[in-house]
Amino acid sequence: METFLWVEKYRPTKINDCILPDELKKTFGLFVQDKHIPNLILSGGPGVGKTTVAKAMLEEIGATYMLINASEDGNIDTLRTTIKNFASTVSLVGGRKYLILDEADYLNPQSTQPALRGLMEEFSNNGGFILTCNYPNRVIPALHSRCQGFHMETIDKTEYTARACEILITESITPDIEVLDTYVKASYPDLRKCINMLQQNCRNGKLMPPASGDSGQQDYRLQMVELFKQGKINEARKLVCAQARPEECEEIYRWLYDNLDIISKEDELQDKAVLI
């Protein structure tokens with residue numbers, strides 16, 4: 001039985017392999033070509049590839065780097081110990097060392113973020129910082145002024161589906177297009193979530209329909225997609241009201257907007273759905 005995660009197994013290690021708009025891919029490619037990554041703030045929704053892009057650039061230039069999840073280890077003591085110890089030492093492979101700070105918008109803006117600003121200044125000659133966040137407005141201006149900011153838009157759905165299909169084929173699983181479509185619609189634009197769902201629902205070389213898995217572990221959005229496909233709008237609405245947590249409301253609205261084609265193929269009905 002596999003013990004590794006597909007999201008790690010198939011994580012791109014080169015910028016050209018990342019799903020990105022051409023303009024961003026070109027810009028990040030120039031950083032790699034110059035073998036120098038400036039301080040960056042990469043913003044965007046969950047699963048669009050912020051951390052993947054950061055890792056791919058650093059691995060391509062062969063840099064030493066450390067990743068810290070700010071939502072788990074973002075207290076000021078971590079900054080003063082782990083980060084400071086890492087940034088203050090010389091890289092064994094030469095060049096600058098880099099710190100990837102995931103979910104930097106979770107850092108306390110009154111204490112931890114100002115402390116990070118001080119560390120960025122103190123170790124600017126030896127280390128670089130790449131911050132990722134879902135909400136760039138939660139990052140203080142002092143950090144924005146010390147970083148180049150790039151917003152990573154929603155992944156193109158065609159490329160999104162193609163990457164999911166490619167992974168299945170590589171794993172010797174012949175994808176049922178209709179079943180794959182359900183997983184794509186339930187997770188889009190979070191590619192990480194889609195890949196995890198696919199791995200969890202593959203059995204004996206086949207991608208199983210959502211109903212074939214353990215319903216207790218299924219994301220309710222899979223059921224919602226099936227209800228929308230069957231035209232059971234009210235049932236889908238009741239499911240969302242019963243299952244969605246209050247903090248998910250913004251994400252759910254965004255998801256419904258990105259997937260209006262589930263509700264209807266007609267533009268007029270989609271417009272009504274947006275108003276609702």
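The structure this text deals with has already been given above.
Residues numbered from 1 in each chain as written. Predicted model: local features only at pLDDT ≥ 70, side-chain atom pairs only at ≥ 80, totals over all residues. Heavy atoms only, no water.

J.: Which parts of the structure should I look at to understand the side chain of Lys50?
T.: As for its placement among the helices and strands, Lys50 is situated in helix α3 (residues 50-60). No salt bridge is formed by the buried Lys50. Its closest oppositely charged neighbour is Asp102, at 7.0 Å. Each residue touching Lys50, except ones within four places of it in the same chain, is listed here: Leu42, Ser43, Gly44, Gly45, Thr132, Cys133, Asn134 and Met152. (Helix = DSSP H or I, 4+ residues; strand = E, 2+ residues; numbered from the N terminus. Buried < 20%, exposed > 50% of the residue type's maximum accessible area, 1.4 Å probe, protein only. Lys, Arg positive; Asp, Glu negative; His and termini not counted. Salt bridge = Lys/Arg side-chain N within 4 Å of Asp/Glu carboxyl O. Contact = heavy atoms within 4.5 Å.)

J.: Looking at this model, I keep getting lost on the packing of aromatic side chains. Mind explaining?
T.: What characterises a pair of aromatic rings is the spacing of the ring centres plus the angle enclosed by the ring planes. Counted under the stated rule, the structure contains four aromatic pairs. With centroids separated by 6.2 Å and ring planes inclined at 70°, the aromatic side chains of Phe31 and Phe150 adopt a geometry described as edge-to-face. Of this pair, Phe31 sits in helix α2 (residues 22-34) while Phe150 sits in strand β5 (residues 148-151), placing them 119 residues apart in sequence. For the pair Phe31 and Phe150, a shared accessibility class is recorded, and that class is buried. Judged by centre distance (5.0 Å) and plane angle (80°), the rings of Tyr160 and Tyr188 are edge-to-face. Here Tyr188 lies in the loop between α9 (177-187) and α10 (191-200) and Tyr160 lies in helix α8 (residues 157-170), a separation of 28 residues in the sequence. (Phe/Tyr/Trp six-rings, centres within 6.5 Å; stacked < 30°, edge-to-face > 60°.)

J.: What should I look at first to understand the nonpolar core in this one?
T.: Generally speaking, soluble globular proteins have nonpolar side chains that are buried together. If you look at the biggest cluster of nonpolar residues, it comprises 58 residues, and the most contacted ones within it are Phe28, Ile37, Leu42, Val53, Met57, Leu198 and Leu207. Other than its neighbours up to four places away in sequence, Met57 contacts Ile15, Phe28, Phe31, Val32, Ile37 and Leu40. (Core = buried A, V, L, I, M, F, W, Y, C linked by side-chain atoms within 4.5 Å.)

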